[in-house]
Amino acid sequence: MLLSIKNVTAGYEKAQVLKDITLDVEAKEIVALLGANGAGKTTTLQCIAGVIKPWIGSVSLRNRDLAPFAPYQIVAMGISCCPEGRDVFANLSVYENLRIGAYLIRGAKEFRARLDRVYSLFPRLQQRLNQLSGSLSGGEQQMLAIARALMANPELLLLDEPSLGLAPILVESIYNTIQEINAAGKAILLVEQNVGLALEVSSRGYVLEKGEIRLSGPSPELQDSEYVKASYLGIA
Amino acid sequence: MGLYLAQQLINAFSYGSILGLLAVGYTMIYGILGLINFAHGEIFMIGAFVCFFLVTLYQVPWVIAALAAVAASTVSGLILERIVYRPCVRRKAPVLTVFIASFGASLFLRFLFMMFFTDRRRAFPIPELFEKMYFLGEIAIGLRDIIIFVSTIIIMALVAVFIKYTKVGTAMRGVSYDAKTAELMGINSIKVIVVAFAVGSALAGVSAIEYGLTFGILNPGMGFMPGLEGFIAAVLGGIGNVPGAMIAGFLIGGGEILFVALLPPSLSPLRPLFVWALLFVILFVKPTGLFRPNVKFEGLWGE
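The shown structure was predicted, so the numbers you read here are calculated from the model rather than taken from an experiment. (Residues numbered from 1 in each chain as written. Chains lettered and ligands numbered in written order. Predicted model: local features only at pLDDT ≥ 70, side-chain atom pairs only at ≥ 80, totals over all residues.)

## What to know about the overall build of chain B
When its secondary structure is counted, chain B shows 11 helices and four strands. Whereas a compact globule of 303 residues would reach a radius of gyration of roughly 19 Å, chain B reaches 19 Å, a difference of no more than 12%. In terms of overall dimensions, chain B has a C-alpha envelope of 60 × 45 × 35 Å along the principal axes. For chain B, contacts bridging at least 24 residues in sequence account for 77% of all contacts bridging at least 6. (Helix = DSSP H or I, 4+ residues; strand = E, 2+ residues; numbered from the N terminus. Rg over C-alpha atoms; globule rule 2.2 N^0.38 Å. Contact = placed C-beta atoms within 7 Å.)

What follows is the structure, given as structure tokens:
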């Protein structure tokens, strides 16, 4: 078991968001975390990344409790995050963003190798290396955010709503890339509002509602579930 | 008149260097932490005092004393960060609290030195060698002006390269823009903050030496005006923008000297007016400063 979240209750300051959630991700699989706005999906990712700590329960990576670690240490342990809303460093160029993503790498050869891997996944970025990332289009920024997260060579990639605000053709392209990344051996926890898309690429899914796990199971099951179809896919 | 102006140009460059170096320190720290280190002027002052005491009391060779002064400023800055600012960051203190702490640190250091050394002005040690004058036509250029000129250019070039091309420098710019996301890249933002304080404070120490060489005096209150003007230069250069701060420092420092040079002598007490008038005009026309700021503005400032 790669990532294990057990009975976690968590929130911000005094506001509780998550209630007793249990979730896990195995190595090399894509797991979907679904739910409407405000359900607690981003909060869950923040809990994993170490930005907030669980009030009750535990988050463990390979059976190692992540509670005592700061976010920058958790990255070093193999979890990389691509936050919601892209969040690229707009004041830096594409190359510099990738450079920062690779902050923990020592050695130019390793850096070069990861750069090449990222270029092969996102050729568009290679064309725009010196461009200020603030001036990239939404789709390109999303590519950059994912590429930057990949530079840390994570075992587990946390993707927060990669399809948000993108044109359908771009979304398709990004999702193809997500599958390529998974094929290369990385586990992905995919947070999405676009339920249909997420269930197509993932092997398992969890449905979060008001901070609780409402439903979980293999993706084909969820796709067939009447509840999911009615609430999220608009199929009566 | 032309000769007088040319002569003042040299002074303009010296004062511009002093403010430029201070401005870079302010902008680095403000960019990364979002807080103004009001005690930066006192870090400057401590450097000058260390050099003074090493030379006059212990007869330390000037160059060594100057280097020790820069080291002293650096250490003071690091101590300040550890004792005053890091607890604020750790506890996510509100802006007003940090403001008060910062201002308090400034007053504390200034009055501490006044208590021990009184506010009397003392003569800053200037090696005889530096008094040597060279003549370019009719313009007199002192060796100390040349030293200030050369060392400032070199130092600023090094800082610019550091900020732009090294991994830590890039990380600093990233943290400056968005510390939370930077942490998600594996960057320990506390370490980056420490580096910013170290570099900024070292530059303040160099600035203090240059100040001592240029004006020949030191006193516990010496950091107040240059510090304030350095801070204004940092704002004018675009907060968090290091090259911007360098240029703005020269504009303000140099401009101020030339402003006084062009005024009739009876009006010279109006000297500080230059800085404030310039600040007013530029903030009116371009509130974010002359150059692009390096922080993500949210809410309070907005763009």
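## Some points on the domain arrangement of chain A
Residue and element names in this part refer to chain A. In terms of domain boundaries, chain A breaks down into domain 1 (1–78 + 154–236) and domain 2 (89–153). The gap between the C-alpha centroids of domain 1 and domain 2 is 23 Å. Taken together, the contact pairs 12 residues of domain 1 with 10 residues of domain 2. When contributions to the side of domain 1 that touches domain 2 are tallied by element, the ones reaching two or more residues are helix 2 (71–76) and helix 7 (168–183). (Domains from an automatic or database assignment.)

## Notes on the pairing of strand 9 (residues 204–209) of chain A
Residue and element names in this part refer to chain A. Among the six residues that make up strand 9, five are buried, leaving the element largely enclosed by the rest of the structure. Sheet topology places strand 3 (residues 30–34) next to strand 9; four bridges connect them, and they run parallel. From the neighbouring strand, L33 faces strand 9, where its bridge partner is Y206. Where strand 9 lies against strand 10 (residues 212–218), six bridges are found, and the strand directions are antiparallel. (Buried ≥ 20, exposed ≤ 12 C-beta atoms within 10 Å, placed from the backbone. Pairing = 2+ DSSP bridges.)

## Quick word on the nonpolar core
In a soluble, globular protein the nonpolar side chains are often hidden away together inside. Membership of the largest hydrophobic core comes to 158 residues, with the highest contact counts inside it found for A147(A), L158(A), L190(A), A23(B), A48(B), C51(B) and A69(B). Considering every element that reaches this core, the biggest residue donor is helix 1 (residues 2–33) of chain B, with 15 residues. In terms of domain composition, this core takes at least three residues from each of domain 1 (1–78 + 154–236) and domain 2 (89–153) of chain A. Beyond its immediate sequence surroundings of up to four residues, A23(B) is in contact with G230(B), A233(B), A234(B), G237(B), A245(B), M246(B), A248(B) and G249(B). (Core = buried A, V, L, I, M, F, W, Y, C linked by C-beta atoms within 7 Å.)

## Remarks on the interface of chain B and chain A
Often, the extent of an interface is quoted as the loss of accessible area upon association of its parts. Taken together, the contacts link 16 residues of chain B with 19 residues of chain A. Listed by contribution, the elements that provide at least two residues to the side of chain B that touches chain A are helix 6 (167–177) and helix 7 (179–183) of chain B. Per-element tally for the side of chain B that touches chain A: the top contributor is helix 6 of chain B, with six residues. For the side of chain B that touches chain A, the class distribution of residues is six nonpolar, six polar and four charged. (Nonpolar A, V, L, I, M, F, W, Y, C, P; charged D, E, K, R; others polar.)

## As for the sheet that holds strand 4 (residues 56–61) of chain A
Residues and elements named next belong to chain A. Read across the sheet, four strands follow the order 2-1-4-5 without closing on themselves; strand pairing throughout is antiparallel. If you trace the sheet from one side to the other, it starts and ends with strand 2 (15–25) and strand 5 (64–65), each paired once. Strand direction decides the pairing type here: strand 4 and strand 5, joined by two bridges, are antiparallel. Residue pairing for strand 5: S60 is matched across the bridge by D65.

## Observations concerning the sheet that holds strand 9 of chain A
All names here are of chain A. The six strands lie next to each other as 6-7-8-3-9-10, forming an open sheet whose pairing is mixed. Two strands in the sheet have a free side with no partner beyond their single neighbour: strand 6 (79–82) and strand 10. Neighbour-to-neighbour, the strand axes of this sheet turn through a mean angle of 15°, independent of strand direction. On top of the sheet, helix 6 (residues 138–150) reaches strand 6 and strand 7 (156–160); it is set at about 170° to strand 6, its chief contact. (Axes fitted to C-alpha atoms, helices over the stretch in contact; angles between N-to-C directions.)

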